[in-house]
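Here is how the chains run, residue by residue.
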Amino acid sequence: MGKLDDGSPVWIFFEKINGDKEVKCRKCGKTYKYCLNTSVMITHLRSDHPDDLRKAENERKGKNGAKNEKNSRYDNDANSNLIMALSTSNVPFRFVKNEYFKKFCLLLNPDHIVMSPDAIRRNW
Ligand SMILES: [Zn+2]
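Residues numbered from 1 in each chain as written. Predicted model: local features only at pLDDT ≥ 70, side-chain atom pairs only at ≥ 80, totals over all residues.

An unreviewed UniProt entry lists the chain under the name BED-type domain-containing protein, with Caenorhabditis nigoni given as the organism.

What follows is the structure, encoded as structure tokens:
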């Protein structure tokens, strides 16, 4: 299986047959010659099973949403550890405003937003 195909939603609806030479629609049994791209299959799904295709695409989006949730859980863990680090080492909360500390965090994870001193006080 080529890398390009793996993420495509068409594989929810199609299966490869005849030693990967053809693909078969699981919904209606229509077969197409498989030539290493999914455009024929997408065209078929759009014209014959548009509702199913939309549902599959929405489910994929849902999965990405779950991934974002995981990232924010990581952020929460990072933040609570930061709060613990500050509160157990006599470092003032405004330390998070330190230019070099901010750079340090950015280097570790460019997507992470460091809490403001006020936010830390609220969570403390
Ligand atoms: Zn079909």
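Engineer: Quick question: what am I supposed to make of the environment of V40 here?
Structural biologist: Structurally, V40 can be placed in helix 2 (residues 39–48). Here the alpha-carbon distance between V40 and V23, two residues 17 residues apart in the chain, equals 10.0 Å. (Helix = DSSP H or I, 4+ residues; strand = E, 2+ residues; numbered from the N terminus.)

Engineer: Just to check I follow, could you spell out the pairing of strand 1 (residues 14–17) for this structure?
Structural biologist: Along any regular strand the residues' side chains alternate between the sheet's two faces. Bridge count between strand 1 and strand 2 (residues 22–25): four bridges; the pairing is antiparallel. Counted as the bridge partner of I17 is E22 from strand 2. With antiparallel pairing between neighbouring strands as the criterion, strand 1 and strand 2 make up a hairpin whose turn holds four residues, including N18 at a positive phi of roughly 55°. (Pairing = 2+ DSSP bridges.)

Engineer: What should I look at first to understand the sheet that holds strand 2 in this one?
Structural biologist: Sheets are built from strands that pair by backbone hydrogen bonding, the pairs being arranged parallel or antiparallel. Reading across from one edge, 1-2-3 is the order of the three strands in this open sheet, with antiparallel pairing throughout. The strands lining the two open edges of the sheet, one partner per strand, are strand 1 and strand 3 (31–33). Going across the sheet, the axis of each strand differs from the next one's by a mean of 30°, ignoring polarity. Bridge count between strand 2 and strand 3: three bridges; the pairing is antiparallel. What sits directly across from V23, in strand 3, is Y32. (Axes fitted to C-alpha atoms, helices over the stretch in contact; angles between N-to-C directions.)

Engineer: Even after reading the chapter, I still don't get helix 2, so can you show me in this structure?
Structural biologist: A turn of α-helix holds 3.6 residues, and therefore any two residues three or four places apart point the same way. Among all positions of helix 2, only M41, H44 and L45 are buried. Relative to the axis of helix 2, the buried residues are bounded by an arc of 95° and lie together on one face. Along helix 2, the residues that are exposed and aim more than 90 degrees away from the buried face are S39, T43, R46 and S47. (Buried ≥ 20, exposed ≤ 12 C-beta atoms within 10 Å, placed from the backbone. Arc of directions from axis to C-beta.)

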